[in-house]
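Here is how the chains run, residue by residue.
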Amino acid sequence: MPNENCLEGMRCPKCGSYGPFDIYANCTFRVDDYGAEQSGDVAWDDDSRCWCYDCQHGGDVKGFGGNTIGYMVHFEDEEADDG
Ligand SMILES: [Zn+2]
């Protein structure tokens, strides 16, 4: 099923998978002496490294067809079930 949210337009150019993908993104963490927690959004652009979870194909986001320039994902629900 085509992606319509975070990965809108993205698809693996090798195996055709719609994800999930591993994307090398930028994120800000709030760090104190006890550890770190995410304090900002996750952002990547079309040159960010991206790997297909299914076939391990690696490339950049634009190579996966993403219309994701400057895209940011904000995690509202940190209790999300991972499956
Ligand atoms: Zn793939």
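By convention here, each chain's residues receive numbers from 1 onward along its written sequence. Per-residue local features of the predicted model are confined to residues with pLDDT of at least 70, and side-chain atom pairs are confined, for both listing and counting, to 80 or more; whole-chain, interface and lining totals are unaffected and use all residues.

Q: Tell me what's going on with the nonpolar core, and back it up with residues and numbers.
A: One finds Leu 7, Met 10, Cys 12, Phe 21, Ile 23, Trp 44, Cys 50, Cys 52, Val 61 and Phe 64 forming the largest nonpolar core, which totals 10 residues. Numbering of helices and strands runs from the N terminus; a helix is a DSSP stretch of H or I covering at least four residues, while a strand is a stretch of E covering at least two. Taken together, the elements giving at least two residues each to this core come down to strand S1 (21-23) and strand S4 (49-52). For our purposes the nonpolar core covers buried Ala, Val, Leu, Ile, Met, Phe, Trp, Tyr and Cys residues that link as a set through C-beta atoms within 7 Å. Whether a residue is buried, exposed or partly exposed is read from the other C-beta atoms within 10 Å of its own C-beta, which are placed from the backbone; 20 or more gives buried, 12 or fewer gives exposed, and intermediate counts give partly exposed.

Q: Just give me the short version of the pairing of S4, but keep the residues and values in it.
A: Only one face of S4 is covered, namely the one carrying Cys 50 and Cys 52; the face carrying Arg 49 and Trp 51 has none of its residues buried. Two strands pair if DSSP finds at least two bridges between them. Note: S1 against S4, 3 bridges, orientation antiparallel. Its bridge partner lying in S4, Asp 22 is registered against Trp 51. The pairing of S4 with strand S5 (residues 58-60) spans 3 bridges and is classified as antiparallel. Within S5, the position partnered with Cys 50 by the bridge is Gly 59. Connecting the antiparallel pair S4 and S5 is a turn made up of 5 residues, with Gln 56 showing a positive phi of about 70°.

Q: Before we move on, can you summarise the sheet that holds S1 with the specific residues and values?
A: In any sheet, the strands associate via hydrogen bonds between backbone groups, in a parallel or an antiparallel arrangement. Reading across the sheet, the 3 strands line up as S1-S4-S5 and stay open at both edges, with antiparallel pairing between neighbours. Both outer strands of the open sheet, S1 and S5, are each paired with one neighbouring strand and no more. When the angles between neighbouring strand axes are averaged without regard to direction, this sheet yields 30°. Note on definitions: angles span 0 to 180 degrees between N-to-C directions of axes, and those axes are lines fitted to C-alpha atoms, for helices only across the stretch in contact.

Q: With reference to specific residues and values, describe the environment of Lys 14.
A: Tracing the backbone shows Lys 14 in the segment before S1. Placed 38 residues apart in sequence, Lys 14 and Cys 52 show a C-alpha to C-alpha distance of 8.8 Å. Here, residue contact means that the backbone-derived C-beta atoms of the two residues sit within 7 Å. In contact with Lys 14, not counting residues within four places along its chain, are Cys 52, Cys 55 and His 57.

Q: Let's hear about the environment of Ala 36: which residues, and what values?
A: With respect to the helices, strands and loops of the structure, Ala 36 is situated in strand S3 (residues 35-43). When sequence neighbours within four positions are dropped, the list of residues in contact with Ala 36 reads Phe 29, Arg 30 and Val 31.

Q: Quick rundown of the confidence of the model for the chain? Include the residues and the values.
A: Reading fine detail from the predicted coordinates is not recommended where pLDDT is low. The score called pLDDT rates the predictor's confidence residue by residue, from a low of 0 to a high of 100. On average, the chain scores 83 in pLDDT, and the residues at 70 or more come to 80%. The lowest-confidence element of the chain is strand S6 (residues 72-73), averaging 60 in pLDDT; the highest-confidence one is S4, averaging 96.

Q: Explain unusual backbone geometry to me, and be specific about the residues and the numbers.
A: Here the bond from Gly 19 into Pro 20 is cis, since omega is 5°, no more than 30 degrees from zero. Tracing the backbone through its elements, the reader meets Pro 20 in the segment before S1. Despite not being glycine, Gln 56 shows a phi value in the positive range, around 70°. Since 11 C-beta atoms lie within 10 Å of it, Gln 56 is described here as exposed.

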